[in-house]
Amino acid sequence: MTAAMQLTSVLKTLADPTRRAVFERIAREGEVAATGLVHGSKVSQPAVSQHLRALRDAGLVIERREGRHIHYRVAPKGLGPLVDWLGHYQTFWAERFENLERLLKETES
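What counts, and where the lines are drawn
- Residues numbered from 1 in each chain as written.
- Predicted model: local features only at pLDDT ≥ 70, side-chain atom pairs only at ≥ 80, totals over all residues.
- Heavy atoms only, no water.
- Helix = DSSP H or I, 4+ residues; strand = E, 2+ residues; numbered from the N terminus.
- Buried < 20%, exposed > 50% of the residue type's maximum accessible area, 1.4 Å probe, protein only.
- Contact = heavy atoms within 4.5 Å.
- Lys, Arg positive; Asp, Glu negative; His and termini not counted.
- Charge placed at Lys NZ, Arg CZ, Asp CG, Glu CD.
- Pairing = 2+ DSSP bridges.
- Core = buried A, V, L, I, M, F, W, Y, C linked by side-chain atoms within 4.5 Å.
- Salt bridge = Lys/Arg side-chain N within 4 Å of Asp/Glu carboxyl O.

Per an unreviewed UniProt entry, the chain is named Helix-turn-helix transcriptional regulator, and its organism is Bradyrhizobium jicamae.

Structure follows, in structure tokens:
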């Protein structure tokens, strides 16, 4: 899968607010059993399963099986494509702000 395809997959996956909340909860708690994600949420077990599948397919979470239970945690490199893409724009905007600051100083003189 190309870098552009990975980025698109991550962005599409995290665009869904419920799925993003599931991802954030896993990130916050470190490792969570799938059944634990259903408890205390307003989302059904089948819906949580679909969200987990999408997160796994996008490379954002990894699973660990323990008997009948499946535990999820954030994949270490899952957000890599997004971080790389944002890094490019961080440089882009930093340069633009420096140019703007220089222009403003010139016009003040």
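There's more to say after this.
Asks: Give a detailed account of the overall build of the chain, specifying residues and quantitative values.
Replies: Helix and strand content of the chain: five helices and three strands. Beginning at the N terminus, the succession of helices and strands in the chain can be written as α-α-β-α-α-β-β-α. When burial is assessed residue by residue, the chain has 23% of its 109 residues classed as buried. Considering only intrachain contacts with a sequence separation of at least 6, the fraction spanning at least 24 residues in the chain is 56%. Between the centroid of the 16 positive side chains of the chain and the centroid of its 13 negative side chains there is a distance of 10 Å.

Asks: An account of the pairing of strand S3 (residues 69–74) is requested, with residue identities and associated values reported.
Replies: Bridge analysis of strand S1 (residues 32–33) against S3 gives two bridges, and the strand direction is antiparallel. From the neighbouring strand, alanine 33 faces S3, where its bridge partner is histidine 71. What sits between strand S2 (residues 61–66) and S3 in their antiparallel hairpin is a turn of two residues, with glycine 67 showing a positive phi close to 65°.

Asks: Give a detailed account of the environment of threonine 91, specifying residues and quantitative values.
Replies: Inspection of the secondary structure assignment puts threonine 91 in helix H5 (residues 80–108). On the accessibility criterion, threonine 91 (45% relative accessible area) is partly exposed. Remark: the alpha-carbon pair of threonine 91 and alanine 27, spanning 64 residues in sequence, is separated by 27 Å.

Asks: Tell me what's going on with the nonpolar core, and back it up with residues and numbers.
Replies: If you look at the biggest cluster of nonpolar residues, it comprises 16 residues, and the most contacted ones within it are Ile26, Leu37, Leu52, Leu55 and Leu60. Of all elements in the fold, only helix H1 (3–15), helix H2 (17–29) and helix H4 (45–57) reach the threshold of two or more residues within this core. Setting aside anything within four residues of it in sequence, one finds leucine 52 in contact with Val22, Ile26, Ala34, Leu37, Val61 and Tyr72.

Asks: Which residues make up the pattern of salt bridges, and what values go with them?
Replies: Summed over the entire model, instances satisfying the criterion amount to eight salt bridges. A salt bridge links arginine 65 to glutamate 63, with the shortest nitrogen-to-oxygen separation between them at 3.4 Å. Residue arginine 65 is classed as exposed on the basis of its relative accessible area of 59%. Here the salt bridges share partners, and the residues they tie into one network are Glu31, Arg64, Glu66 and Arg73.

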